[in-house]
Amino acid sequence: MASILLLTRAVTPSSAVLPGLELLSHHVKIMTPEPTALLAAPPCDVILVDARIDLPAARSLCRLMEATGNTSPVIVIATEGGLAAIAPDWGIADVILDNAGPAEIETRIRLAVGRVTVEYAQTSQAEIHAGELVIDETAYSAKLRGRILDLTYKEFELLKYLAQHPGRVFSRSQLLQEVWGYDYFGGTRTVDVHIRRLRAKLGVENESLIGTVRNVGYRFVAGNADTSEDSLV
């Protein structure tokens, strides 16, 4: 059972807007489509917007919700004649005719919720969380305590690789092979230079995230890991 927010100005919304919805067991909360009212809207799985009569107002509302960071999928309820006015710039997940039957309504709600779940899982998989460090592989960005780190491509790849294996010690040769590739002919000194640059960009308070294990190599130190063997040499 999904939690649904229905935005409509209809006097008898439950029976007039989408009759087929009454035959389903979802929990439906009805509110007027006022921007101020949306601030007090409860969390929901799906938002249904009544666009049967006033298409321009419905479009503005949908675009407003998208611009303000709404994360719930929005499904517009329209008449067959209104379908031609609905375009990608509405920022909605789907559209459904007001005379749709219960089976179709159920399917569209299920698919909308499912897509959000899949997208969330994919986003989570694309991010590496190591303590207060968040690395986004898709956007090639790294944030530490919310601050974006200004990294070069190789610095990002090096930090990402270390963070993917917290606590594991890598020799300079291993890092050179994994980050720079087997066809790179530079020496291991390159790794030391990039480690120093990374530490400088992490800042004095966070440079210990990358520890040096004497005579071995480097490792990523997340959380309260033991750093007794590490140094910043």
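The preceding data block contains the structure.
Basis of the calculations
Throughout, residues of each chain are indexed from 1 in the direction in which the sequence is written. Restriction of local features to residues with pLDDT of at least 70 applies here, the model being predicted, together with a cutoff of 80 or more for giving and counting side-chain atom pairs; totals for whole chains, interfaces and linings are based on all residues. Note that water and hydrogens are dropped before the side-chain values are worked out from all heavy atoms of the structure. Helical segments are the DSSP runs of H or I of at least four residues, strand segments are the runs of E of at least two, and each set is numbered from the N terminus. The span one expects for a helix is its residue count, reduced by one, times 1.5 Å. Relative accessibility decides the category of a residue: with a 1.4 Å probe and only protein chains considered, values under 20% of the type maximum give buried, values over 50% give exposed, and everything between is partly exposed. What the arc describes is the spread of directions from the helix axis to the C-beta atoms. We call two N or O atoms a polar contact when they sit within 3.5 Å, provided that within protein one can donate a hydrogen and the other can accept it, with sequence-adjacent residues counted only if both atoms are side-chain atoms. Stacked, tilted and edge-to-face pairs are distinguished by plane angle, under 30 degrees for stacked and over 60 for edge-to-face with tilted covering the rest, among Phe, Tyr and Trp rings (Trp via its six-membered ring) whose centres lie within 6.5 Å. In this text, buried Ala, Val, Leu, Ile, Met, Phe, Trp, Tyr and Cys residues form a nonpolar core when linked through side-chain atoms within 4.5 Å.

1. Quick look at helix 3 (residues 55–67)
The end-to-end C-alpha distance of helix 3 is 18 Å, a good match for the 18 Å that 13 residues give at a rise of 1.5 Å each. Here helix 3 has its buried residues at Leu-55, Ala-58, Leu-61, Cys-62 and Met-65. Around the axis of helix 3, the buried residues are gathered within 125° of arc, so they sit on the same side. Turned more than 90 degrees off the buried face of helix 3, the exposed positions are Pro-56 and Ala-67. With a side-chain oxygen positioned 3.2 Å from the backbone nitrogen of Ala-57, the residue opening helix 3 is Asp-54. Just past helix 3, the residue Gly-69 takes up positive phi, approximately 85°.

2. Description of the side chain of Thr-8
Considering the arrangement of structural elements, one finds Thr-8 in the loop between strand 1 (3–7) and helix 1 (13–16). Thr-8 sits in the buried class, given a relative accessible area of 3%. Looking at Thr-8, its side chain comes within polar contact range of the main-chain nitrogen of Ala-10, at 3.0 Å. Looking at Thr-8, its side chain comes within polar contact range of the side chain of Asp-50, at 2.7 Å.

3. Details of helix 5 (residues 153–164)
With 12 residues, helix 5 should cover 16 Å at 1.5 Å per step; its first-to-last C-alpha distance of 16 Å lies within 8% of that length. Most of helix 5 sits inside the fold, with 9 of its 12 residues counted as buried. Considered for burial, the residues of helix 5 that qualify are Glu-155, Phe-156, Glu-157, Leu-158, Leu-159, Lys-160, Tyr-161, Leu-162 and Ala-163.

4. Describing the packing of aromatic side chains
Scanning the entire structure with this criterion turns up 3 aromatic pairs. Between Tyr-140 and Tyr-153, the aromatic rings sit 5.9 Å apart at their centres with planes inclined by 35°, giving tilted as the arrangement. Of this pair, Tyr-140 sits in the loop between strand 7 (133–136) and strand 8 (141–144) while Tyr-153 sits in helix 5, placing them 13 residues apart in sequence. Seen in terms of ring centroids, Tyr-161 and Phe-170 are 5.0 Å apart; in terms of plane orientation they differ by 55°. Their pairing is tilted. The pair Tyr-161 / Phe-170 is uniform in exposure class, with both members buried. By way of ring pairs, the aromatic residues Tyr-140, Tyr-153 and Phe-156 are connected into one cluster.

5. Details of the nonpolar core
Counting residues in each nonpolar core, the largest one holds 27 residues, and the members touching the most others are Leu-133 and Leu-159. Taken together, the elements giving at least two residues each to this core come down to strand 6 (127–130), strand 7, strand 8, helix 5, helix 6 (172–180), helix 7 (189–202) and strand 12 (217–220). With 18 residues, the next largest nonpolar core counts Leu-5, Leu-61, Cys-62 and Ala-78 among its residues.

From the geometry alone we can't say anything about function, so treat these as descriptive.
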